[in-house]
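Structure assessment
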Amino acid sequence: MPDGQSDDAVNTLLIRACPGPPACAAVHTYLFVDGLDVVARSDSRMAGLDPRRLLRPGGPLYPTDTPCMVDVATQEQPEPGPDGLTIRIRLRGETVIWSGLMYPGLDGRPIEEVRFGVEQYLGEVERAYAALKGHPFGQ
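Below is a short write-up of the structure.

Some points on the sheet that holds strand β2 (residues 28-33)
What the 3 strands build is an open sheet, ordered β1-β2-β3; its pairing is antiparallel. In this open sheet, the two edge strands, each paired with only one partner strand, are β1 (13-18) and β3 (36-37). Bridge count for β1 against β2 is 6 bridges, and the pairing is antiparallel. Bridge pairing in β2 links A17 to T29.

And the structure:
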């Protein structure tokens, strides 16, 4: 945990979708934790997976009591090194935990785990999914 943040700290999730061309090469998902783009900060060669894949009801971002590994990003152009970004998602009580992370926080220290209140987390996943319906790529 970063300085000043306890194990009980609650992070905030924000999800956005890029519509693809002409803005980007392909449709992809942005995952922001406390305002930081997790995918770009983890590996700048990566782009979030298609939002239709990540945000569907009961989809991979929905937490369960049993931890699961979830692919959230892939390389846009094949290069040496990892070809995807995977996080571990689990539900513990009223907390959704993402672990297996490794990205620099605002202070430059690595962030390895984040925790969300289940209500805010599920509300954001559902809000982002509902927003897809207003875009051609969400059909």
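Topic: the packing of aromatic side chains
Both the distance between ring centres and the angle between the ring planes are used here to describe each pair of aromatic rings. The final tally for this structure, using the stated rule, is 4 aromatic pairs. Residues W98 and F116 carry aromatic rings whose centres are separated by 5.1 Å and whose planes lie at 75° to one another, so their mutual orientation is edge-to-face. Of this pair, W98 sits in strand β7 (residues 95-104) while F116 sits in strand β8 (residues 110-117), placing them 18 residues apart in sequence. Both residues of the pair, W98 and F116, count as buried. Look at W98 and Y121: their rings are 6.1 Å apart centre to centre, the planes differ by 90°, and that puts the pair in the edge-to-face class. Taken as a pair, W98 in strand β7 and Y121 in helix α3 (residues 118-132) lie far apart in primary sequence, 23 residues in all. For Y121, a relative accessible area of 0% puts it in the buried group. Ring pairing ties together the aromatic residues W98, F116 and Y121, which thus form one cluster.

Topic: unusual backbone geometry
Of note, the phi angle at D34 is positive, near 50°, even though the residue is not glycine. Within the element layout of this structure, D34 appears in the loop between β2 and β3.

Regarding the pattern of salt bridges
Following the criterion strictly, the structure yields 5 salt bridges and no others. Among the salt bridges present, the one from R127 reaches E124, with a minimum N-O distance of 2.7 Å. Here R127 pairs with E124, and both are found in helix α3, just 3 residues apart, close to one helical turn. With relative accessibility at 8%, the residue E124 sits in the buried group.

Comments concerning the nonpolar core
Counting residues in each nonpolar core, the largest one holds 31 residues, and the members touching the most others are L61, V72, W98 and Y121. Among the secondary structure elements, those contributing two or more residues to this core are β1, β2, α1 (38-42), β5 (68-75), β6 (84-92), β7, β8 and α3. Looking at this core, the element that brings in the most residues is α3, giving 5 residues. Those residues in contact with L61 that lie beyond four places of it in its chain are I15, L31, L54, L55, V72, I89, W98, Y121 and V125.

With respect to the pairing of β5
Relative to β5, strand β4 (residues 46-48) is paired through 3 bridges, and the arrangement is antiparallel. The residue of β5 that forms the bridge with M46 is Q75. Bridge count for β5 against β6 is 6 bridges, and the pairing is antiparallel. When the sheet's bridge partners are listed, D71 is paired in β6 with T86.

Scoring rules and cut-offs
Residues numbered from 1 in each chain as written. Predicted model: local features only at pLDDT ≥ 70, side-chain atom pairs only at ≥ 80, totals over all residues. Heavy atoms only, no water. Pairing = 2+ DSSP bridges. Helix = DSSP H or I, 4+ residues; strand = E, 2+ residues; numbered from the N terminus. Phe/Tyr/Trp six-rings, centres within 6.5 Å; stacked < 30°, edge-to-face > 60°. Buried < 20%, exposed > 50% of the residue type's maximum accessible area, 1.4 Å probe, protein only. Salt bridge = Lys/Arg side-chain N within 4 Å of Asp/Glu carboxyl O. Core = buried A, V, L, I, M, F, W, Y, C linked by side-chain atoms within 4.5 Å. Contact = heavy atoms within 4.5 Å.

These results come straight from atomic positions and should not be treated as a statement about function.
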